Amino acid sequence: MVYSDDKQRSAIEALRELSVSDPVVQLNIARYTKAMGEQLRGRPIDRVGGKHVAAAACFTMDGSDRDYLMAASVRLEIDQVILTFDVDDPLGMPIGLVAVRLEEREVAFYGRCRLWAPANDGRLLIVPEADAERHFDAGGENLVERWRRLPGSLGAGEKRAWHRLKILASSFDLDDLERARLNVLSKGDDGRLTATVKRLAA
């Protein structure tokens, strides 16, 4: 998201903070994030501290958010798959997907990714920037790049993926999300980003 001026940026940031403080919004975002993580890995996280591709979510991003997510991947040495939500409709489904991937000495940001599901019950895959010639597999510790065309239609696979995600997300309640954490970004008067980590509101 590009802001025309600092006043518009402040208004959007205030709306984000207001939305994310609502327990119902937190629950919606946490449900989808957990569902995506399980669908990408093919299983729930079985142990705390085990290395895996991080499933995350945020409202639509600007350059500062992207910089923070890329820096976090480098600092934590993890790849991330991030759902994006519309701040004007925070109780709706996610509206997009991005990925951050450590690539040797570089960190790459992939915007406009697509989720894809096979016709069977296999794991979800990530198609970067609508590139039908390759995809990312998040079943292990990192996003593994595979150069092969996925079978069938990208559009049909994407519909299956979002349908599966919605069904699984709706099955979780607050007890299922006890390990979920919010990482709330805010920008100080000096322009520096800070992150506050907190548990979901009851």
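Now for a look at the structure at hand. As the structure is a prediction and not an experimental result, all values here were calculated from the model. (Residues numbered from 1 in each chain as written. Predicted model: local features only at pLDDT ≥ 70, side-chain atom pairs only at ≥ 80, totals over all residues. Heavy atoms only, no water.)

1. Focus on the side chain of Arg-164
- One can find Arg-164 in helix 4 (residues 154–170).
- For the buried residue Arg-164, which engages in no salt bridge, the nearest side chain bearing the opposite charge is Asp-121, 5.3 Å off.
- Ignoring any residue separated from it by four or fewer positions in sequence, one finds Arg-164 in contact with Gln-39, Ala-117, Pro-118, Asn-120, Asp-121, Gly-122, Arg-123 and Leu-124. (Helix = DSSP H or I, 4+ residues; strand = E, 2+ residues; numbered from the N terminus. Buried < 20%, exposed > 50% of the residue type's maximum accessible area, 1.4 Å probe, protein only. Lys, Arg positive; Asp, Glu negative; His and termini not counted. Salt bridge = Lys/Arg side-chain N within 4 Å of Asp/Glu carboxyl O. Contact = heavy atoms within 4.5 Å.)

2. A closer look at the pattern of salt bridges
- All chains considered together, the criterion is met by 7 salt bridges.
- Here Arg-134 and Glu-145 are joined by a salt bridge, their closest N and O atoms 2.4 Å apart. Of this pair, Arg-134 sits in the loop between strand 6 (125–127) and strand 7 (135–137) while Glu-145 sits in strand 8 (residues 144–146), placing them 11 residues apart in sequence.
- Residue Glu-145 is classed as partly exposed on the basis of its relative accessible area, which comes to 29%.
- Within the structure, one salt-bridge network assembled from shared partners comprises Arg-123, Asp-137 and Arg-146.

3. Some thoughts on a negative patch on the surface
- A cluster of acidic side chains, namely Asp-173, Asp-175, Asp-176 and Glu-178, defines a negative patch on the protein surface.
- Among the structural elements, Asp-176 can be located in the loop between helix 4 and strand 9 (181–187).
- Judged by its relative accessible area of 35%, Asp-176 is partly exposed. (Patch = residues over 30% accessible without salt bridge, like charges linked within 9 Å, V, L, I, M, F, W, Y side chains within 5 Å. Areas by Shrake-Rupley, 256 points an atom, 1.4 Å probe, with all protein chains shown as cover. Charge placed at Lys NZ, Arg CZ, Asp CG, Glu CD.)

4. Brief notes about the pairing of strand 2 (residues 80–85)
- Summarising burial for strand 2: 6 of the 6 residues are buried, a large majority.
- The alternating pattern of strand 2 places Gln-80, Ile-82 and Thr-84 on one face and Val-81, Leu-83 and Phe-85 on the opposite face, and all of these are buried.
- Relative to strand 2, strand 1 (residues 54–59) runs parallel, the two sharing 6 bridges. Considered in strand 2, the bridge of Ala-54 is made with Gln-80.
- Handedness of the crossover is the feature at issue here: the chain leaves strand 1, passes through helix 3 (residues 63–76), returns alongside strand 2, and the resulting connection is right-handed. (Pairing = 2+ DSSP bridges. Right-handed = clockwise from strand over helix to strand, strands pointing away.)

5. Observations regarding the pairing of strand 3 (residues 96–103)
- A large share of strand 3 lies buried, amounting to 6 of its 8 residues.
- Two elements, strand 2 and strand 3, share 5 bridges in a ladder whose sense is antiparallel. Its bridge partner lying in strand 3, Leu-83 is registered against Leu-97.
- As paired elements, strand 3 and strand 4 (residues 106–110) share 5 bridges and run antiparallel to each other. Its bridge partner being in strand 4, Arg-101 is matched across the sheet by Ala-108.
- In textbook terms, the turn of a hairpin is the stretch between consecutive antiparallel strands, and for strand 3 and strand 4 this stretch comprises 2 residues, one of which, Glu-104, has a positive phi near 55°.

Scope: geometric values only; no functional claims are made or implied.
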